[in-house]
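Letter by letter, the chains look like this.
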Amino acid sequence: MSQDEKEMTQKTESMIELEKLSLPRTIHLIPMDYLDGFAVRPGFYETNGATAIPGGVNFTVHSHGATGIELLLFHRQEAEPFAVLPFPKHYRIGNVYSMIVFKLNIEEFEYAYRVDGPYEPEKGIIFNRNKYLLDPYAKAVTGQSRWGETSPYGQHYKARVVKDDFDWGAIKQPLLPVEDLIIYELHVRGFTKDKSSGVLHPGTFDGLMEKLPYLKALGVNVVELMPIFEFDEMQDYRIVDGQKLYNYWGYNTVSFFAPNTSYASGKEYNQEGNELKHLIRKFNQNGIEVYLDVVFNHTAEGNEQGPFFSFKGLDNNIYYMLTPDGQYYNFSGCGNTLNCNHPIVYQMILDCLRYWVTTYRVNGFRFDLASILGRNQDGTPMSKPPLLEALAFDPILGDVKLIAEAWDAGGLYQVGQFSSWSRWAEWNGKYRDDLRRYLKGDEGMAQTAAERIVGSRDLYGASHRKNVSVNFITCHDGMTLNDLYSYNQKHNEKNGWNNTDGTNADYSWNCGVEGETDDAQVLALRRRMARNAFAVLMCSRGIPMFLAGDEFLNTQFGNNNAYCQDNITSWLDWSRLEKNRDMFEFFRYMIQFRKDNRILRTNVSNGACGFPDTSFHGVKPWQEEFASYDHYVGVMFAGQEKKGVYVDPQIVYLASNSYWEDLEVILPELPKTMYWEKDADTWQAEQAITKMEGNSFTIHARSVMVFSARMFS
């Protein structure tokens, strides 16, 4: 029998087997081959990942350097595959391997890949066909569902196929104007994990949703979730002084397309992400946008000593920035650096963000160490990074807020210089540092503090890139607001690094006593300092952001790098809410004050009543320049809006005294038809609106006051 006759016989036998499958007549895709007991055919090459289709599942994966790829199918929770399906050579087009496997029930299997190819480590090429590899486009990852546990069914990751059948209904997203945003940064697990939270589902998306009435009462309109992509909390797991330490924050991505399944309150087999979708829908229905803190600067695969579970085995020299001898550049401080401006990686990031916007309706993204996204493949900074430009102009991301942490761990600091195309906002690290120093009384900070309060014109320009500055005094990285005024030094001993980790530049002040104290005067000063910081934040141009728990003086006991603390150090202690109810009420009051006074959020005109849009003042009016010894800063915002035939002038004056003595201050003279009203005074725990008699007032030591102009009736 000739070779042609043998092939024809084999093909005839295969077709007879295929006919036995009895696929429904509505399935128009015809099987073409038979592999390891499964009917298959070439798949959809432009659809990455694993996708359920009528009659089977489409698997598509690509690799530039691979010589062959195998699809591995596993029964749920089993370590070894029950089927190995090599992609036939004629199923490869270019560098893409695609195959439809018929009669697969997505609820009955998990999958991974095995990739063969050359091994040339000096070139960064390290293919290893013995490794089980996670699909980079996996929509759900197995083996991570229980927090703090390593899967007993093998150390490799596997993926599941996810049903995309969530009904969003006719829900409209809030689409809040940028100037109206008030961002509340939180950790999904830590927000409700402590029993003091009182929720039914602590440490989960559902637990966070139970706190929706609280967030609405507080007045924030954005929640920014620290990383919720699937990550490995067991990375660098260790025990220090009897305390289990994890990679708790989650800045070590395992899969960019999959939600962290341990944040779900129940098992979501093949419907992973539904609980998060319910959360986003509910928050959006209540006028609150949901942003994700995304980590595209590195992955959990680490450096040469790190694990090997996905990108290393598919195209190590493409996905990561490598030195000329094949080692990993480490601009992230976490072992490796994602090669973001390589066309393959660039496309994956764009696909990822589009997926989260279309499938999860995410409203915005904060990019961790975003300066890495602007580095070239050799690590050098680019003037016009193609990835950043693509994200700025992508039509699907058109309504999404893009926020950059405009620095990285490789020494690149781009606050005020991040490539934006008038689209990106920036975490303003200079606002944080400069306001911290000014408020605690450092000399020489008055002029800089004034510039930060009016929107950092020295960084972003006076006439363009308005509302690009995300202003914050606290965030996850550093001390809480309570600790900022309770400790002079960081106290990270429990992290196990002899207190060497974390920044040494917190610009904190303990108000006279380090740590916990019963001294009534010290406690009163600390509370006033916290009120000062928040009052200034709410009266600053830009986008305000603060850390969850600051509103009731949550503490991390002086730890300024609690990345590994899955315990009360990082969990919010909700019992402090009642203990510090007055602080919560002050935060709520100042948030509402900001909402009520648009002039604080944006310039509504070029001024009002003869006053410019913004102006600086000392203890006497109209002091545009401050001396190094000045500790008082007055900032006035003025504008007017037309309401029908009437013109509504808006004038707000922020008075801040970081001096240790009381000061006598004179306010600018108003037109005779107007008078000054005192709206806030941090010297007092409770706020009361008071009509001023005249233009002078006394501001107490280390306190902040807020005034607004009103028309005589």
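Notes on the structure in this doc start here. Because the structure is a prediction, the values reported are computed rather than measured.

A few points about the side chain of arginine 594
- Along the polypeptide, arginine 594 turns up in helix α15 (residues 581–596).
- One buried charged residue, arginine 594, remains without a salt bridge, the closest side chain of opposite sign being aspartate 180 at 7.4 Å.
- Among the polar contacts made by the side chain of arginine 594, one reaches the main-chain carbonyl oxygen of serine 540 at a distance of 2.9 Å.

Digging into the nonpolar core
- One finds Phe59, Tyr111, Tyr184, Trp356, Phe365 and Phe367 to be the most contacted residues of the largest nonpolar core, which totals 190 residues.
- Those residues within four positions of tryptophan 356 in sequence are excluded, and the remaining contacts are Ile228, Phe229, Phe256, Phe257, Ala258, Pro259, Leu276, Leu292, Arg361, Val362 and Phe365.
- Grouped together as the second largest cluster of nonpolar side chains are 20 residues, Ala638, Tyr653, Met692 and Met705 included.

Details of the pattern of salt bridges
- As enumerated under the stated definition, the model contains 30 salt bridges in all.
- Between aspartate 433 and arginine 432 there is a salt bridge, with the nearest N and O atoms lying 2.8 Å from each other. For the pair formed by aspartate 433 and arginine 432, the shared burial category is buried.
- Notably, a salt bridge pairs arginine 452 with aspartate 434, separated by 2.9 Å at the nearest N-O pair. On the criterion of sequence distance, the pair formed by arginine 452 in helix α10 (residues 446–453) and aspartate 434 in helix α9 (residues 429–439) is long-range, its members being 18 residues apart.
- Three or more residues are tied together by salt bridges with common partners; here these are Glu110, Lys158, Arg160 and Glu272.

So, the sheet that holds strand β28 (residues 646–657)
- Judged by pairing direction, the sheet is antiparallel, and its six strands sit side by side in the order β26-β27-β28-β33-β30-β31 without closing on themselves. At either end of the open sheet lies a strand with only one pairing partner, and these are β26 (614–617) and β31 (690–691).
- Relative to strand β27 (residues 632–643), β26 runs antiparallel, the two sharing four bridges. Its bridge partner being in β27, threonine 614 is matched across the sheet by phenylalanine 637.

Overview of the side chain of glutamate 551
- Note on placement: glutamate 551 falls in the loop between β23 (543–547) and α14 (575–579).
- No salt bridge is formed by the buried glutamate 551; the nearest opposite charge belongs to lysine 211, separated by 9.2 Å.
- In this structure the side chain of glutamate 551 is engaged in a polar contact, spanning 2.6 Å, whose partner is the side chain of tyrosine 214.
- Within polar-contact distance, the side chain of glutamate 551 engages the backbone nitrogen of glycine 549 at 3.0 Å.

What about the packing of helix α13 (residues 520–538) against α15?
- For the pair α13 and α15, the least separation of the axes is 9 Å and the interaxial angle reads 15°. Relative to α15, α13 is oriented roughly parallel. The element α13 and its partner α15 pack so that their crossing is right-handed. On α15, the residues that touch Arg527, Ala530, Arg531, Phe534, Ala535, Leu537 and Met538 of α13 are Asp582, Met583, Phe586, Phe587, Met590, Ile591 and Arg594.

Digging into the pairing of β27
- Alignment of β27 against β28, held across twelve bridges, turns out to be antiparallel. Along β28, the bridge assignment pairs glutamine 640 with proline 649.

A few points about the packing of aromatic side chains
- A full pass over the atoms with the stated rule returns 54 aromatic pairs.
- When the centroid spacing of 5.7 Å and the interplanar angle of 65° are considered together, the rings of phenylalanine 546 and phenylalanine 587 count as edge-to-face. Of the two residues, phenylalanine 546 is situated in strand β23 and phenylalanine 587 in helix α15; the sequence distance between them amounts to 41 residues.
- Assessed through its relative accessible area of 2%, phenylalanine 546 is described here as buried.
- Taking NZ or CZ as reference, arginine 76 lies 3.8 Å from the ring centre of tyrosine 269, over its face.
- Lying over the aromatic face of phenylalanine 331, arginine 375 brings its terminal NZ or CZ to 3.9 Å of the ring centre.

A word on helix α6 (residues 311–319)
- Counting buried positions along α6 yields eight of nine residues, so the element is predominantly enclosed.
- Those residues of α6 that sit buried are Phe311, Lys312, Gly313, Leu314, Asp315, Asn316, Ile318 and Tyr319.
- Of the surrounding secondary structure, the elements contacted by the buried residues of α6 are β4 (56–62), β9 (110–116), β11 (125–126), β17 (253–259) and α7 (343–360).

Focus: unusual backbone geometry
- Although it is not a glycine, leucine 175 sits at a positive phi angle of roughly 50°.
- The residue leucine 175 is located in the loop between β11 and β12 (183–186) in this model.
- Positive phi, close to 65°, is recorded for asparagine 499, a residue that is not glycine.
- On the secondary structure map, asparagine 499 appears in the loop between α12 (481–484) and α13.

A few points about the environment of aspartate 408
- Mapped onto the elements, aspartate 408 comes out in the loop between β20 (401–404) and β21 (424–427).
- Not counting the four nearest positions on each side in its chain, aspartate 408 is found in contact with Phe331, Leu369, Ser371, Ile372 and Arg375.
- Side-chain polar atoms of aspartate 408 contact the side chain of arginine 375, separated by 2.8 Å.

About the criteria used
- Residues numbered from 1 in each chain as written.
- Predicted model: local features only at pLDDT ≥ 70, side-chain atom pairs only at ≥ 80, totals over all residues.
- Heavy atoms only, no water.
- Helix = DSSP H or I, 4+ residues; strand = E, 2+ residues; numbered from the N terminus.
- Buried < 20%, exposed > 50% of the residue type's maximum accessible area, 1.4 Å probe, protein only.
- Lys, Arg positive; Asp, Glu negative; His and termini not counted.
- Salt bridge = Lys/Arg side-chain N within 4 Å of Asp/Glu carboxyl O.
- Polar contact = N/O pair within 3.5 Å; in protein donor to acceptor, adjacent residues only side chain to side chain.
- Core = buried A, V, L, I, M, F, W, Y, C linked by side-chain atoms within 4.5 Å.
- Contact = heavy atoms within 4.5 Å.
- Pairing = 2+ DSSP bridges.
- Axes fitted to C-alpha atoms, helices over the stretch in contact; angles between N-to-C directions.
- Parallel < 35°, antiparallel > 145°, perpendicular 65-115°, else oblique.
- Left-handed = near helix turned anticlockwise from the far one by under 90°.
- Phe/Tyr/Trp six-rings, centres within 6.5 Å; stacked < 30°, edge-to-face > 60°.
- Lys NZ or Arg CZ within 6 Å of the ring centre and 35° of its normal.

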